[in-house]
Amino acid sequence: FPLFAFLMGKEKFHKSQHWGFCNNVRMLVGEDKPGIGGELLFGQKIKPKYSVFPKGMGTDSPSWVAFDKQVLSFDAYLEDEVPDKSQENYRIRRYKIYFYLEDDTVEVNEPVLQNSGLPQGIFIRRHRISLPPPNEDQFYTVHHFNVNTDIVFYGRTFKIYDCDAFTKNFLTKIGVKLNPPGQCPEDPYMKTRREKLDCMEPICPYESFDTLKQFLEYDRKVLRFFCVWDDSGSVFGDRRELILHYFLSDDTIEIKEVLPHNSGRDAMSLFLQRRKLPKYGPPGVYQPGQLTDRTVLNVYGGYHRPELYGFLLDKYQLGKLDQEFYKDTDLSIGTTINVWGRKVLLCDCDDFTKTYYRTKYGIENFTSIPCKAPSPPKIERKFPPYTGFGSEEDSLRSCIGLMPTPHQRNFKKFIEFDSYGNISNTLRFFAKLITHKCADVERMFVISYFLSDDTISVFEPIERNSGYTGGMFLKRVRVKKPGQEVFKSEFSEYIKAEELYVGAKVNVNGYLFFLVNADEYTLNYMERNSDKFPLSSIELVIQKLKEEECKSRELKQVFTAADCMHTKMVDFNTFREIMMNLTVGKLTDQEVITIARRYRVPEDPCPHRNVLVAQAHEQLKKNAFENFERLIAMCVYEDREKKKVLPSKDIKRLCKSSRLPLNEDLLGSLLSGFEDSEKQINYESFFCALNWRVNPVPVLEVASYIKERCEDEWLGMPSPIPVKYIYYLNLLKDVFMR
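Residues numbered from 1 in each chain as written. Predicted model: local features only at pLDDT ≥ 70, side-chain atom pairs only at ≥ 80, totals over all residues. Heavy atoms only, no water.

### Re helix α12 (residues 572–583)
For an α-helix the count is 3.6 residues per turn, leaving residues at separations of three or four pointing the same way.
Then, number 1: Helix length check: α12, at 12 residues, gives a terminal C-alpha distance of 16 Å against a target of 16 Å (1.5 Å per residue), a fit within 8%.
Then, number 2: Along α12, 9 of the 12 residues are buried, which leaves the element largely enclosed by surrounding structure.
Then, number 3: Those residues of α12 lying buried are Phe572, Asn573, Phe575, Arg576, Ile578, Met579, Met580, Leu582 and Thr583.
Then, number 4: Of the surrounding secondary structure, the elements contacted by the buried residues of α12 are α10 (538–546), α11 (552–562), β23 (569–571), α13 (589–598), β26 (725–727) and α19 (728–736).
Then, number 5: For α12, the N-terminal capping position is held by Asp571, with its side-chain oxygen 3.3 Å away from the main-chain nitrogen of Asn573.
Then, number 6: Positive phi shows up at Val584, right after α12, with a value of about 55°. (Helix = DSSP H or I, 4+ residues; strand = E, 2+ residues; numbered from the N terminus. Expected span 1.5 Å × (residues − 1). Buried < 20%, exposed > 50% of the residue type's maximum accessible area, 1.4 Å probe, protein only. Contact = heavy atoms within 4.5 Å. Polar contact = N/O pair within 3.5 Å; in protein donor to acceptor, adjacent residues only side chain to side chain.)

Here is the structure:
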């Protein structure tokens with residue numbers, strides 16, 4: 001029973017307690033139940049009705065967490081008595097009082113004053129300070145501090161005259177009414193001492209030349225200017241481009257020269273070595289020691305120890321030579337500086353330099369000046385006239401240099417327009433000779449224009465029983481335009497590709513040719529390059545036809561009358577005759593061909609399979625190819641499922657690997673003709689059809705071209721017409737109904 005009672009009593013009256021803070025008063029925190037008589041026992045937790053702390057800093061969290069790293073700072077001074085000294089009776093010593101909110105500790109610090117002769121620094125170390133008697137059992141809290149109040153620490157009275165902004169804000173939030181700030185009185189001794197120092201002049205003045213701060217701040221920071229030195233006024237002088245480097249660490253200048261290629265000058269590393277650049281130079285030659293930072297009056301040594309020495313400075317600086325040097329404020333775009341007698345113009349600067357001047361001096365105008373010299377006037381060279389020997393280019397090369405070199409043709413143009421593969425880059429026209437001789441009227445020629453070097457060749461086809469041998473009429477050569485002087489200094493003009501079109505008249509070395517037609521490649525090339533050949537531009541031709549809108553009804557009636565079968569198309573000869581008659585010669589033959597090619601009736605692109613097989617037999621016979629059994633065996637090997645069919649791409653691959661002598665287009669057409677809906681081909685039937693020995697087909701006759709004999713300006717020479725039939729109704733809709 002006594003042990004049980006003891007335990008019950010301990011549980012009721014001896015609960016564990018801990019130290020806490022409430023209103024900055026350290027006290028025991030216990031249970032929140034009232035004691036005997038309704039009063040709170042010592043050590044029980046007190047909950048105020050209203051919190052005196054700022055929002056978020058209440059008593060719910062420990063004070064060392066809520067006020068961690070928060071310190072109140074007060075400015076204070078202390079009147080310290082100075083006994084037994086006639087110069088002063090007291091001194092004013094300034095202090096900083098720091099109050100740490102987390103644990104109510106106080107620290108007093110005295111700022112260090114130079115040459116004060118007093119030990120300064122931490123005056124009272126950080127700890128809790130008790131109140132002066134008779135309240136020495138209590139400690140200072142935040143409520144004991146205010147502005148314009150006296151506070152006593154260990155018998156010394158500190159007068160608080162101001163505090164920082166954080167302290168004012170904190171005290172205001174916790175409900176402390178702040179007094180107006182005061183002023184700290186001036187120390188009479190320091191005032192007297194300062195007045196004396198102002199009136200005194202040192203016998204040996206100390207001249208400080210501290211460049212370490214500038215070096216540490218601007219080390220490796222360099223301003224760069226692009227400048228030019230115009231020395232064209234002197235004999236053999238010219239404009240020389242320079243780069244100026246201004247080193248901010250020590251105000252020195254370095255200049256480098258930018259040498260162009262093949263300038264003929266020695267490649268020097270520096271135009272001006274790094275040094276301070278005087279503004280007014282060259283200043284002359286000075287003796288060593290004349291230009292110094294300090295003026296030394298005398299040098300003396302020690303009496304007892306000879307190694308000790310000193311020097312006296314001349315405070316009046318008699319005989320000192322002043323010399324001004326260029327600073328960063330003297331450099332700007334458009335400024336001309338003096339570089340040892342040479343006038344150098346600053347034309348531009350880099351981005352770092354612009355940022356430096358914009359940040360430090362607020363300069364925003366960085367308009368650059370062109371450094372390049374204006375190009376000199378081009379002197380026109382006059383060459384002697386052409387001698388008649390060789391070409392004009394070869395004669396000109398003999399006038400340019402002492403050692404004549406051959407003329408270099410336009411190699412880039414040659415590579416671009418040289419023939420390769422099935423692209424010939426050659427324009428071919430059928431032409432007729434315009435002459436009064438009856439025997440030459442029916443002669444037909446092929447004029448070839450080579451785009452790679454602008455040369456022309458004329459060939460006459462051989463015709464039996466014509467009386468002419470035919471063959472090469474004019475070898476490949478550039479043809480001059482007629483009516484030019486032969487012996488002149490300028491180059492002659494030659495016939496260009498833009499001057500050739502169907503219906504044009506061309507003078508080739510005195511022979512006048514009329515171009516009556518062109519091949520398919522020429523017409524396609526002219527239509528692709530309609531900017532160079534405007535007569536092949538369908539847009540321009542349609543625009544020209546729209547100008548004849550008044551004849552739209554007549555044109556429609558003529559086409560309807562010509563179309564007896566009502567097929568909405570006419571043949572080329574009829575179409576050309578109608579267009580020429582209604583436009584009264586406003587359209588050329590080239591423009592008529594352009595319209596006809598645009599609205600032509602497309603021919604059947606897929607010929608009959610027998611025609612393709614006949615063409616394949618002809619090529620296989622010429623190459624004596626009979627290895628069809630091997631091809632079938634390869635297909636059987638590829639046919640894993642034994643269906644006797646293979647994809648068309650596999651058969652094409654086998655034909656390529658076996659070198660079947662058929663061109664790409666013919667082989668593709670044959671495969672398309674034999675494949676089924678699933679792109680499969682019966683390889684036995686395909687190669688049996690190609691076997692020209694086992695399954696021969698009759699030789700097909702070559703279809704002859706439609707030959708017409710036109711009259712007058714068409715000059716009726718038998719030649720293939722460009723288009724068979726034309727949809728005239730589509731033409732009328734596009735021209736007159738838009």
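### What to know about the pattern of salt bridges
Then, number 1: Under the criterion given, the structure shown has 40 salt bridges.
Then, number 2: Taking the shortest distance from any N to any O, the salt bridge between Glu364 and Arg358 comes out at 3.3 Å.
Then, number 3: Each of Asp80, Arg93 and Glu110 takes part in a single network of salt bridges with overlapping partners. (Salt bridge = Lys/Arg side-chain N within 4 Å of Asp/Glu carboxyl O.)

### Here we look at the sheet that holds strand β12 (residues 272–275)
Then, number 1: Pairing in this open sheet of 6 strands is antiparallel, and the strands run β12-β11-β10-β9-β16-β15 from one edge to the other. With one partner strand each, in any of the chains shown, β12 and β15 (336–339) form the two edges of the open sheet. In this sheet, neighbouring strand axes are inclined to one another by 35° on average, regardless of whether the strands run parallel or antiparallel.
Then, number 2: With 4 bridges joining them, β15 and strand β16 (residues 342–349) adopt antiparallel strand pairing. Bridge pairing in β16 links Ile337 to Val344.
Then, number 3: Strand contacts of helix α6 (residues 351–360): β9 (222–230) and β16, with the helix running at about 110° to β9, the strand carrying the most contacts. (Pairing = 2+ DSSP bridges. Axes fitted to C-alpha atoms, helices over the stretch in contact; angles between N-to-C directions.)

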